[in-house]
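# What the coordinates show
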Amino acid sequence: MQRTTHRPRLLTRPAVVALAAAVALTAGACAKSEDDASKDTQSPAAAGAEQKVVTPKPGSKTCAIDAYGAEKLDLKSATVGFSQSEKEANPFRIAETQSIKDEAKKRGVKLLTANAQSQFSKQISDVQDLLAKGADLLVIAPLNSDGWDPVLQAAAAKKVPIVTIDRKINATACKDYVSFIASDFVEQGRRAADQMIEATGGKGEVAILLGSAGNNVTTERTKGFKERIAEKAPELKVVFEQTGEFAREKGQQVTEQLIQSKPGIKGIYAENDEMGLGAVAALKGAGKKAGDVKIVTVDGTRNAVQGIVDGWISGVIESNPRFGPLAFQTLDTFTKGEDVPQDVIIQDSAYTADNAKTEISKAY
């Protein structure tokens, strides 16, 4: 990525194990679902629901404050700006934002927040506004992966470190941003394919409800799913792909079209729970019975896990949204002058018919 502002580049130090040991922390948010079936208020995450980090591989790239071109500071006296990408009707986003707020409160850190309401131009202006309001550090949940030059240049001019969560910015680590914290989305797609193969017996026609275009989550979850299907179940054919924009209503609309155009569809891979729940609504509306069409989703919301219990969903691959502790620990370690990994990868669990009832308390 071309940049008009450059930081001095130095060799990064050897990877430090301290962050990997510190980041497996208890996170702060269990959230209401879109239709709020449980009517619960937001509360601390259930035991065992915190994010856990995959141990960095030997030789993994790290970032140090001198290489990045920023200055040391005390996190407790800093102002952190958080930019949320999407409307907080999606349980993932509710839990993600609450986790950031909870961790800031726990650490006594001043937090500024903004929500782009699923508008990329607004997110760019939101982050610029956070910088104007005095944010010393930024945590960004990007809506899209591209188009971040204005923000990166503005942050570089003020020497403000950036940590991105959940979705990746197409930029250079340890120059444009410090660390990217997220799940392994390709692996999520592979694991979803494994569950689909098991549910369908590895034969038949399946559909993909794609996430939003323009971000790495959609691309990588699709890639992993297709690669695993081709490898392990060549008789399972992907015959339909259309974006549901990570939204329940859109997922329902697309599934209604799918049922008309492909009445013999055997399975639906929804790249997030909300689209999968929309698919369930469409199948119910079409008079289908639970299990007639196998559905596999990604996220781990309480309503989706309940869908397994009720027989409508075959499996859910977790994508844990409780980023607060990891994001703040990464910033704290970095601003003290210690190395942090450029990529912090989360180890996700999964929900199946075997564990949905007993593990639903960990869902959000």
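Residues numbered from 1 in each chain as written. Predicted model: local features only at pLDDT ≥ 70, side-chain atom pairs only at ≥ 80, totals over all residues. Heavy atoms only, no water.

### Observations concerning the state of the cysteines
The full count for this structure, using the stated rule, is 1 disulfide. Each sulfur in the disulfide pair C63 and C174 lies 2.2 Å from the other. For the disulfide bridge between C63 and C174, the dihedral angle about the S-S bond is near 80°, and by the sign convention the bridge is right-handed. Taken together, the positions of C63 in strand β1 (residues 62-63) and C174 in the loop between β5 (162-165) and β6 (179-183) put the pair 111 residues apart, joining distant regions of the chain. With relative accessibility at 0%, the residue C63 sits in the buried group. (Disulfide = S-S within 2.5 Å. Helix = DSSP H or I, 4+ residues; strand = E, 2+ residues; numbered from the N terminus. Buried < 20%, exposed > 50% of the residue type's maximum accessible area, 1.4 Å probe, protein only.)

### A closer look at the sheet that holds strand β3 (residues 110-115)
Judged by pairing direction, the sheet is parallel, and its 6 strands sit side by side in the order β3-β2-β4-β5-β6-β13 without closing on themselves. The open sheet terminates on both sides in strands that have one partner only, identified here as β3 and β13 (343-346). In this sheet, adjacent strand axes meet at a mean angle of 15° when their direction is disregarded. Here strand β2 (residues 79-84) runs beside strand β4 (residues 137-140); their pairing, made up of 4 bridges, is parallel. Bridged to S83 within β4 is I140. Sitting on the sheet, helix α3 (residues 91-107) is in contact with β2, β3, β4 and β5, with an inclination near 175° to β2. (Pairing = 2+ DSSP bridges. Axes fitted to C-alpha atoms, helices over the stretch in contact; angles between N-to-C directions. Contact = heavy atoms within 4.5 Å.)

### Details of unusual backbone geometry
Non-glycine residue S118 carries a positive phi angle of around 65°. You can see S118 is positioned in the loop between β3 and α4 (120-132). The phi dihedral of F246 falls on the positive side, at around 60°, and the residue is not glycine. Structurally, the position occupied by F246 is in the loop between β8 (236-243) and α8 (248-261).

### What to know about the nonpolar core
By size, the foremost hydrophobic cluster in this structure holds 84 residues, and its most contacted members are L138, W148, I165 and I181. When residues in this core are grouped by element, the largest group, 6 residues, is from helix α9 (residues 273-285). Every residue in contact with L138, bar those within four places of it in the chain, is listed here: G81, V127, L130, L131, V160, P161, I162 and V163. Among the nonpolar cores identified, the runner-up in size contains 15 residues, and M196, Y269, V298 and I317 belong to it. (Core = buried A, V, L, I, M, F, W, Y, C linked by side-chain atoms within 4.5 Å.)

### Points about the packing of α3 against helix α11 (residues 324-335)
In contact at an axis separation of 7 Å, α3 and α11 are set at 50° when each is read in the N-to-C sense. Classified by the angle between their axes, α3 and α11 sit oblique to one another. The two elements α3 and α11 meet at a crossing, and its hand is right-handed. Contact residues: S99, I100, E103, A104 and R107 in α3; G324, P325, A327, F328, Q329 and D332 in α11. (Parallel < 35°, antiparallel > 145°, perpendicular 65-115°, else oblique. Left-handed = near helix turned anticlockwise from the far one by under 90°.)

### Structural notes on the pairing of strand β7 (residues 204-210)
For a regular strand, the rule is simple: side chains alternate between the two faces of the sheet. Burial within β7 is extensive, with 5 of its 7 residues counted as buried. Relative to β8, β7 is paired through 7 bridges, and the arrangement is parallel. Bridge assignment links G204 to a residue of β8, and that residue is L236. A crossover connection joins β7 to the parallel β8 through helix α7 (residues 216-232); in handedness this β-α-β unit is right-handed. Bridge count for β7 against strand β9 (residues 267-270) is 4 bridges, and the pairing is parallel. For L209, the partnering residue across the bridge sits in β9 and is A270. (Right-handed = clockwise from strand over helix to strand, strands pointing away.)

### Describing the packing of aromatic side chains
The final tally for this structure, using the stated rule, is 4 aromatic pairs. Centroid distance F225 to Y269: 4.1 Å. Interplanar angle 15°. Geometry classified as stacked. Of this pair, F225 sits in helix α7 while Y269 sits in strand β9, placing them 44 residues apart in sequence. The pair formed by F225 and Y269 is uniform in burial state, with each residue classed as buried. (Phe/Tyr/Trp six-rings, centres within 6.5 Å; stacked < 30°, edge-to-face > 60°.)

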